[in-house]
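Listed here are the chains, written in short residue letters.
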Amino acid sequence: MAGTATVPAGDPRPVIGVRGLTKRFAGTPAVDDVDLEVRGGELVVLLGLSGSGKSTLLRCLNGLHRPSSGEVDVLGCRVDLAREGRLRRLRTRIGFVFQQFNLVGRLSCMENVLIGALGRVRGPRYGVLSYPKSMRREALEHLDRVGLADRAFQRADTLSGGQQQRVAIARTLMHRPALLLADEPVASLDPENAAVVMELLFQVCLEERLTVVCSLHQVDLALGWAHRLVGLREGRKVLDQPAAGMSRHDVMRVYERVAQPQPEQPTPPRAQSEAVA
Amino acid sequence: MTRTRTGNAGGDSRVGSGPMDDPVLRPPLTRPVVTLWGVGLAAVALTVIAVISIDFGLGALVDGFDDVVSLAERMLPPRMPDPPRIASLAVETLLIALLGTVIATVLSAPLAFLAARNTTPHRAVHAAARGLITFCRAVPDLVFAVLFVRAMGIGVLPGVLALALHSVGMLGKLFADAIEQSDPGPREAVRATGAGPVRELVNGVLPQVVPAWIGTFVYRIDINLRTSVVLGFVGAGGIGFALQDALRGLVYPRALGIVLVIVVIIAALELASIAIRRLLLNPESSGPKRPSAGPGPRLSPPWTVQRLSTTIAAAAVALATGYALVSLRINPLDVLWSFGDVVEVAGRLLPPDFGMVGDRLGAAIVETLAIGMVATAIGVLLSVPIGLLAARNVAPHPAVYWAARSVVLVVRAIPELILAVVFVAAIGLGPIAGACALGLGSIGLLGKLVADAAEEVDPGPRAAVRSVGGGWWQELFSAVLPQTVPSVVGSSLYLLDVNIRTSTVLGIVGAGGVGFLLFEAVRTLNFEFAGAIIAIIFVIVYLIERLSGWIRAQVM
Ligand SMILES: Nc1ncnc2c1ncn2[C@@H]1O[C@H](COP(=O)(O)OP(=O)(O)OP(=O)(O)O)[C@@H](O)[C@H]1O
Ligand SMILES: [Mg+2]
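Cut-offs applied
Residues numbered from 1 in each chain as written. Chains lettered and ligands numbered in written order. Predicted model: local features only at pLDDT ≥ 70, side-chain atom pairs only at ≥ 80, totals over all residues. Near = placed C-beta within 6 Å. Nonpolar A, V, L, I, M, F, W, Y, C, P; charged D, E, K, R; others polar. Buried ≥ 20, exposed ≤ 12 C-beta atoms within 10 Å, placed from the backbone. Helix = DSSP H or I, 4+ residues; strand = E, 2+ residues; numbered from the N terminus. Pairing = 2+ DSSP bridges. Axes fitted to C-alpha atoms, helices over the stretch in contact; angles between N-to-C directions. Contact = placed C-beta atoms within 7 Å. Domains from an automatic or database assignment. Core = buried A, V, L, I, M, F, W, Y, C linked by C-beta atoms within 7 Å.

Student: Please give an account of the site of ligand 1 that cites residues and values.
Tutor: Near ligand 1 the following residues occur: F25(A), A30(A), G48(A), S50(A), G51(A), S52(A), G53(A), K54(A), S55(A), T56(A) and E184(A). Residues of the shell around ligand 1, tallied by class, amount to two nonpolar, seven polar and two charged.

Student: Help me get a handle on helix α19 (residues 515–523) of chain B, residues and values and all.
Tutor: Among all positions of α19(B), only G515(B), F516(B), L517(B), L518(B), A521(B) and V522(B) are buried. L525(B) sits one or two residues past α19(B) and shows a positive phi near 60°.

Student: Now, about the sheet that holds strand β8 (residues 211–215) of chain A: what can you tell me, with residues and values included?
Tutor: Residues and elements named next belong to chain A. Taken in spatial order, the six strands make up an open sheet running β6-β7-β8-β3-β9-β10, and their pairing is mixed. For this open sheet the edge positions go to β6 (94–97) and β10 (236–242), each flanked by a neighbour on one side alone. Each strand axis lies, on average, 15° off the axis of its neighbour in the sheet, ignoring direction. Judged from the four bridges that link them, β6 and strand β7 (residues 179–183) form a sheet pairing that is parallel. From the neighbouring strand, G95 faces β7, where its bridge partner is L180. Across the sheet, helix α1 (residues 54–61) lies against β3 (43–47), β7, β8 and β9 (228–233), angled at about 150° from β8, the strand it touches most.

Student: With reference to specific residues and values, describe the domain arrangement of chain A.
Tutor: All names here are of chain A. Assigned domains of chain A: these are domain 1 (13–93 + 177–255) and domain 2 (105–176). Taking only C-alpha atoms, the centre of domain 1 and the centre of domain 2 are 25 Å apart. If you look at the interface, domain 1 gives 14 residues, while domain 2 gives 13 residues. In terms of residue count, the dominant contributor to the side of domain 1 that touches domain 2 is helix α6 (residues 191–208) (six residues).

Student: Tell me what's going on with unusual backbone geometry, and back it up with residues and numbers.
Tutor: Residues and elements named next belong to chain A. One non-glycine residue with positive phi stands out, namely R176, at about 50°. Mapped onto the elements, R176 comes out in the loop between α5 (161–174) and β7. Positive phi, close to 45°, is recorded for E184, a residue that is not glycine.

Student: Could you give me a rundown of the nonpolar core, with the residues and numbers involved?
Tutor: Across soluble globular proteins, nonpolar side chains have a tendency to be buried as a group. Counting 155 residues, the largest nonpolar core has A145(B), V160(B), V374(B), A420(B), F423(B), A435(B) and I533(B) as the members making the most contacts within it. Leaving out residues up to four positions away in the same chain, V160(B) has contacts with I96(B), L99(B), G100(B), I103(B) and I330(B). Residues L114(A), A139(A), A226(A) and A243(A) belong to the second largest nonpolar core, which totals 83 residues.

Student: Can you tell me about the pairing of strand β1 (residues 14–25) of chain A, naming the residues and giving the values?
Tutor: Within a regular strand, side chains alternate between the sheet's two faces. All names here are of chain A. Inspection of the sheet shows β1 paired to strand β2 (residues 28–39) by eight bridges, in the antiparallel sense. Along β2, the bridge assignment pairs P14 with R39. Remark: two residues form the turn of the hairpin made by β1 and β2, two consecutive strands paired antiparallel; A26 in that turn has positive phi of roughly 50°. As judged from the five bridges shared by β1 and strand β4 (residues 69–74), these two strands associate in the antiparallel manner. Its bridge partner lying in β4, V18 is registered against V72.

Student: So what's going on with the interface of chain B and chain A? Residues and values would help.
Tutor: Contact with chain B, which involves 25 residues of that partner, is made by 35 residues of chain A. Counting only elements with at least two residues in the side of chain B that touches chain A, the list comes to α7 (184–192) and α8 (197–228) of chain B. In terms of residue class, the side of chain B that touches chain A is made up of 13 nonpolar, nine polar and three charged.

Student: For the sheet that holds strand β5 (residues 77–78) of chain A, give the residues involved together with the corresponding values.
Tutor: Residues and elements named next belong to chain A. Strands sit in the order β2-β1-β4-β5 across an open sheet of four strands; the sheet is antiparallel. Sheet topology places β2 and β5 at the edges, where each strand pairs with a single neighbour. Here β4 runs beside β5; their pairing, made up of two bridges, is antiparallel. Note on β5: the bridge partner recorded for D73 is R78. Relative to the sheet, α1 contacts β1, β2 and β4, its axis offset from that of β2 by approximately 60°.

The following block contains the structure:
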């Protein structure tokens, strides 16, 4: 099962082409001059410390953030140049899994999954019954696939974190994406649930032959499933290499800090007590 | 730090040494304490000035009490000569309140999205929408009603529109606040599916705010019902018309009969609204969940108690709204066209003619403020004891609790303007009648808030007081009152807000304040002068709201 770790042979066309991408927030670069190419069917895992720019890079790929400079070409669309309407059409083909699930807690699981279909229906929708029966059937199939068909009409906020993220995955399947972006999909789950959810997600993606870019903190999961690993450090790309043959030690280099600031000297206890009095 | 020093020579040497050698026996003057005392003193001083300015003496109160008693004697026994007519007017009143609230909701929903900081298309739109909402809130409903009756003639429609416009002031604000508190995550998830901005709001934001909106809607119907019973005073439909008729003709037993009908209806609706809120807003009361056991997969949501009650309530509101349009003979198109009339009236108010702002207007405004101050002082003096007794955990005996709760509920059910009518009939025209009416009416609002606050106090400190041998009084003063002070201060400021707003319309029934000049101006078609008065009322209400918001922020 896991650990194929070879780049798929078919479909060599690039799905994502990023050249010199820089994104600044108030002048400070969060992503700094990054090049990235992802081909159809590839499963790429982004690694890096907190704040290294993983989320920012992913959000630049579907236009939730506008790049400050550089080219971003996704599924044949120039994200950096596209207008809002064009971006919206592009997003109907890109699934996004969020770290915080971003479900509407009050609504049933079924309705949350149906929200994934909004990009391919016309007109306003509100409530499960406003979607056609065929879509409801499809939603139920996706819920079944993530093992939650019996919870279809339970409120989403009554589920555990792991179950909620599975609903969010079903929502993304409902979306029928050509490309899937996942931003630390298991960061708020306990280790056991994290492994279960992650394996489910990767399994489904391989079955659907989806192109995937996923940021992750679990090095072992990444080594087991990814075709290619990309490491970011302070917004710059410091690793880009097929996962096959890489060791855990090789990967850990991504996490080494460049210049670690000296920890501050603790105030001596006596001085502290004087300051308080 | 320097404020804690007592000023003796040892002040400097204390720095760095332990606190034991110079015990500070007076509490330090922190900023909230200073503010609280400053506000308290200012409130007392202003109240004294207000009492003097409207000649509100204890003698007047005592005489007034005798007059009220003698009026009550003339009112008894209540009579109801024409039950079918009263019943149809009562139904009409209910429908006006419902329709006004529904129209206000329809107007407020889009306005709230424009006014919420996180959904507005532009900062300027946000400011304009918030400004419009504040304006609607600051102009009393009866002022709108008077203007619309002038523009469209006597009837139900002006009353409905007046309620609707004024309600936008509250619904728009609370709707927008709910949107601003919503979680941005689901919106982003909707945007990531490629849906456009409208569906981002409909599917990402709306489901999150619906419960808060429903709660606000139900609460507002309650308030509007109270106002709709007095709309008739200015010719805008409903049971108030019959009441005014009875009072004009000095047929007091009939007036009392009508007042009793009003009280019963409002109290019944109060209970109904408590039940509805409980039913709609408490999910997961439907027992354990079972996976659907039917043949084949279930593609529509199951009929839980929750879903059933929500659906029935929604259908009931829709049906009642339809029935209201038919039975009040309001063509929905007329509602649309009438906005032309509204704009026309607004146009006639412009430009406001401040040239006529003379001594009379100045005096009337001072009188309005004084009525509000005195009424709030009376309200606080009456409500704190009654409210404490109406708290289940404070009342010395269940009978006391039920008696106090009933007083609060009954007073809440009587609109202030009706109390004002009664006081005017008893002690004559003028600001004292207004101040008494508003002060008494305050029990309904403040008494309830005090009781709720007292019921929420932490029982720990009370147990502590009891364990050192303290009795009921000590428990009250050492454990209960200190915990309720912040919320009582906050509620009293809110009461001042409400009372000053109401005192601007007391003039309709001759109970003093600026309302009299305003209605005179409208009656004599002197619209520019009316515009000036409305502008001044708006500024006063707005300033009071800001001031009380500031004080609450300091004290809390
Ligand atoms: N909307 C924003 N406004 C301002 N600064 C931002 C914004 N989003 C991200 N940043 C900054 O950009 C940098 C990279 O953030 P990013 O969220 O991409 O990191 P990350 O690798 O996803 O970290 P984590 O593992 O914690 O999710 C951080 O320094 C962050 O503070
Ligand atoms: Mg991140």
